[in-house]
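In case you want the letters, here they are:
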Amino acid sequence: MTAASRVVRIGVLELQGDFLEHRAMLKQCGNDIQPISVKGKQDLDNIDGLVIPGGESTTMGRLLAEFDMLETIRELGLQGLPIFGTCAGCILLAKDIVGRPTQTKLGLMNITVDRNAYGPQTESFETQVYSPRFKEKPLRAVLIRAPTIVQVGSGVQILACKGSEKEPILVQQGNLLASTFHPELTEDTRIHLHFLDIVKAYTSLQ
Ligand SMILES: NC(=O)CC[C@H](N)C(=O)O
């Protein structure tokens, strides 16, 4: 089989959170994209990338540890598996969480996040984001009890910032991508397509 005809298997972590929306978004990204339901360690075999959805990072972290998946995902991430975390997924990817040094996490990305930084669920909002990386039109950022990224370390590239505050809301560190917002809740496939470009760059699919 040639690389071009090969199906791209993107795992979607389905322990908790808005994984269905990610599946739908991935399907929109191309007929060659196959979302794979990741519910246990065995589902992590033979995937080309992994999406960690939004939801509740403490619950997801606890379940990942309980199902013995935390170390495996961490290892895969360190070995170069492309991983995309949205909101709670971004929190799980972060090295540090403000005020919660013991929260269970993957800790793969050189960023510090502040959970629920905009306030409770009722303070959730949408905003337009202008990014030089996605310049054809603004991104519609949906922020639901979102974290902020308060510190960005070496090797991390800021792809989009919110408003005049210049808060990073989309960051990449090599094979790892994290957004504090939910592109899967919009019609805009550009962020997922960017992740799929990372998948192509980091796997044998190119
Ligand atoms: N929309 C979300 O994923 C919210 C994340 C949630 N506030 C958490 O801490 O895990």
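Along each chain, residue indices are assigned from 1 in the same order as the chain's sequence is written. Note on the predicted model: pLDDT of at least 70 is required for a residue's local features to be given, and 80 or more for side-chain atom pairs to be given and counted; whole-chain, interface and lining totals, by contrast, use all residues. Side-chain descriptors were evaluated using all non-hydrogen atoms of the structure, hydrogens and water having been removed beforehand.

- Within an unreviewed UniProt entry, the label attached to the protein chain reads glutaminase, and the organism entered is Galdieria partita.
- UniProt positions are given in the numbering used here, feature names are shortened, and annotations may be inferred rather than shown by experiment. Check the Catalytic activity (unreviewed entry) section of the UniProt entry for the protein chain; it says "L-glutamine + H2O = L-glutamate + NH4(+)".
- For the protein chain, the Sequence similarities (unreviewed entry) comment in UniProt is given as "Belongs to the glutaminase PdxT/SNO family."

### Considerations on the UniProt feature "binding site: L-glutamine" (unreviewed entry) in the protein chain
And then number 1: Feature annotation in UniProt assigns "binding site: L-glutamine" (unreviewed entry) to the following positions: Gly55, Glu56, Ser57, Arg115, Ile144 and Arg145. On the basis of their most widely separated C-alpha atoms, the annotated residues across 91 residues gather in one place, lying no more than 12.9 Å apart.
And then number 2: Look past the residues within four positions of Glu56 in its chain and what remains in contact with it is Gln16, Ala88, Arg115 and Arg145.
And then number 3: One can find Arg145 in the loop between strand S8 (139-143) and strand S9 (148-152).
And then number 4: In this scheme, a residue with accessible area under 20% of its type's maximum is buried, one over 50% is exposed, and one in between is partly exposed, where area comes from a 1.4 Å probe on protein chains only. Judged by its relative accessible area of 27%, Arg145 falls in the partly exposed class. Only heavy atoms matter for contacts: two residues are in contact if any of them lie within 4.5 Å across the pair. Numbered from the N terminus, helices here are DSSP runs of H or I no shorter than four residues, and strands are runs of E no shorter than two.

### Quick word on the pattern of salt bridges
And then number 1: A side-chain nitrogen of Lys or Arg and a carboxyl oxygen of Asp or Glu constitute a salt bridge if their distance falls within 4 Å. Considering all chains together, one arrives at nine salt bridges under this definition.
And then number 2: Of the charged contacts, one joins Arg74 and Glu71 as a salt bridge, the two residues approaching to 2.2 Å between their closest N and O atoms. Separated by three residues within a single helix, Arg74 and Glu71 lie in helix H3 (residues 70-79), roughly one turn from each other.
And then number 3: The partner of Glu126 in a salt bridge is Arg140, and the shortest N-O contact between them spans 2.7 Å. In this pair, Glu126 sits in strand S7 (residues 125-129) while Arg140 sits in strand S8, placing the two residues 14 residues apart along the sequence.
And then number 4: Through salt bridges that share partners, Glu56, Arg115 and Arg145 make up one connected network.

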